[in-house]
Amino acid sequence: MSSSQCFDNPPILSSTSGAGTVEELGGLQTYVTGSPHSKLAILLISDIFGYEAPNLRKLADKVAAAGFLVVVPDFFFGDPVIKHDDPHFDRDSWRKVHNTDKGCEDAKSVIAALKSKGVSAIGAAGFCWGGKVVVRLASSTDIQAAVILHPGQIIDNEMMMLRFIVSDVKVPIAILGAEIDHASPPEQLKKFGEKLSVKSEFDSFVKIFPGVAHGWTVRYNVEDESAVKSAEEAHLDMLNWFTKYVN
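**Re the nonpolar core**
L43, I45, L114, L137, I143 and I173 are the most contacted members of the largest nonpolar core, which has 40 residues in total. The element contributing the most residues to this core is helix 3 (residues 100–116), with six residues. Dropping the residues within four chain positions of it, L137 is found in contact with L43, I45, C104, A107, K108, I111, A124 and I143. Membership of the second largest hydrophobic core comes to 32 residues, among which are V70, L176, V212 and W241.

See the structure below:
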């Protein structure tokens, strides 16, 4: 299931946005920005609107400026959600084709390709759909740190939350949520934080941003000063997490 909020405020996609370049990585077309010589990489996994979203690429460039090699793959193979309000668009069929299980497999291919290039440490951040993929990656040793931002629905029930999040997560994980979010309500994310906080093996962090809705970190209006400020605060939290744990 996905919340209708996952489809709100769609970006105007641009294949030429950003300061980086597009190249193939792990079998996926990927926006790449930052020093190719960096041994530290950050994998950004988009929401349903894909890797050509200008705000997402702008964020990738910002993270790259801190010294990371940043990669934003096209997990939808040229088929992001574009006309979600088209009566002929079948959301359920799209979700079945572009499911997060396959997203996780593709992410691992990208990670393997990065490691083959000499990258020694990798962080992963996911937005909405991508957040669900990153939660899965956080249960492996493929990455060194994880950040999930306004994730899509992660669990189906309380028992699933306790089993998957608490038992399986193996790396430092930060969860940045919105006050107004039907996919992952603040109360649910706070429960994640409470359960994760008793684990001494890794650090965890949950923060709920007031007055913002699902998607606020990448689908904000660039002309809305308050929206930009909230998004940039989340971006800084993400960057600080990676600076601390991806080294």
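**Describing the environment of F205**
Tracing the backbone through its elements, the reader meets F205 in strand 8 (residues 204–213). Separated by 113 residues in the primary sequence, F205 and D92 have C-alpha atoms spaced 32 Å apart. Apart from the residues within four sequence positions on either side, F205 is in contact with I173, A174, I175, L176 and W241.

**Structural notes on the packing of helix 3 against helix 4 (residues 129–137)**
Where helix 3 meets helix 4, the axes come as close as 9 Å, and the angle between the chain directions of the two elements is 65°. Relative to helix 4, the crossing made by helix 3 is right-handed. Contacts between helix 3 and helix 4 pair T100, D101, G103, C104, A107, K108 and I111 from the former with W129, K132, V133, R136 and L137 from the latter. Class assignment of the residues belonging to the contact of helix 3 with helix 4 gives a composition of six nonpolar, two polar and four charged.

**Concerning the confidence of the model for the protein chain**
Considering every residue of the protein chain, the mean pLDDT works out to 89; 90% of them sit at 70 or more. Considering only residues more than four positions removed or in separate chains, one finds that residues 156–163, a stretch of pLDDT under 50, has twelve contacts.

**Some thoughts on the packing of aromatic side chains**
The final tally for this structure, using the stated rule, is six aromatic pairs. Both rings, one in F205 and one in W241, keep their centres 6.1 Å apart while their planes meet at 25°; by these two values the pair is stacked. Note that F205 is positioned in strand 8 and W241 in helix 7 (residues 225–245), a separation of 36 residues in sequence. Overall, the relative accessible area of 9% leaves W241 in the buried class. Ring geometry for F209 and W216: centres 4.9 Å apart, planes at 45°, overall tilted. Counting every residue linked through ring pairs, the aromatic cluster contains F75, F76, W94 and W129. The ring of Y51 has R57 lying over it, and the distance from NZ or CZ to the ring centre is 5.0 Å.

**Regarding the pairing of strand 1 (residues 21–25)**
Where strand 1 meets strand 2 (residues 28–33), five bridges bridge the pair, whose relative direction is antiparallel. Counterpart to E23 in the pairing with strand 2 is T30. Hairpin connection from strand 1 to strand 2: two residues lie between these consecutive antiparallel strands, with G26 at a positive phi of about 60°.

**With respect to the sheet that holds strand 2**
One open sheet holds the eight strands; their spatial order is 1-2-4-3-5-6-7-8, and the pairing between them is mixed. The open sheet has two edge strands, strand 1 and strand 8, and neither has a second partner. Within this sheet the neighbouring strands show an average axis-to-axis angle of 25°, counted without direction. Sheet topology places strand 5 (residues 121–127) next to strand 6 (residues 145–149); five bridges connect them, and they run parallel.

The rules behind these values
- Residues numbered from 1 in each chain as written.
- Predicted model: local features only at pLDDT ≥ 70, side-chain atom pairs only at ≥ 80, totals over all residues.
- Heavy atoms only, no water.
- Core = buried A, V, L, I, M, F, W, Y, C linked by side-chain atoms within 4.5 Å.
- Buried < 20%, exposed > 50% of the residue type's maximum accessible area, 1.4 Å probe, protein only.
- Helix = DSSP H or I, 4+ residues; strand = E, 2+ residues; numbered from the N terminus.
- Contact = heavy atoms within 4.5 Å.
- Axes fitted to C-alpha atoms, helices over the stretch in contact; angles between N-to-C directions.
- Left-handed = near helix turned anticlockwise from the far one by under 90°.
- Nonpolar A, V, L, I, M, F, W, Y, C, P; charged D, E, K, R; others polar.
- pLDDT = per-residue confidence, 0-100.
- Phe/Tyr/Trp six-rings, centres within 6.5 Å; stacked < 30°, edge-to-face > 60°.
- Lys NZ or Arg CZ within 6 Å of the ring centre and 35° of its normal.
- Pairing = 2+ DSSP bridges.

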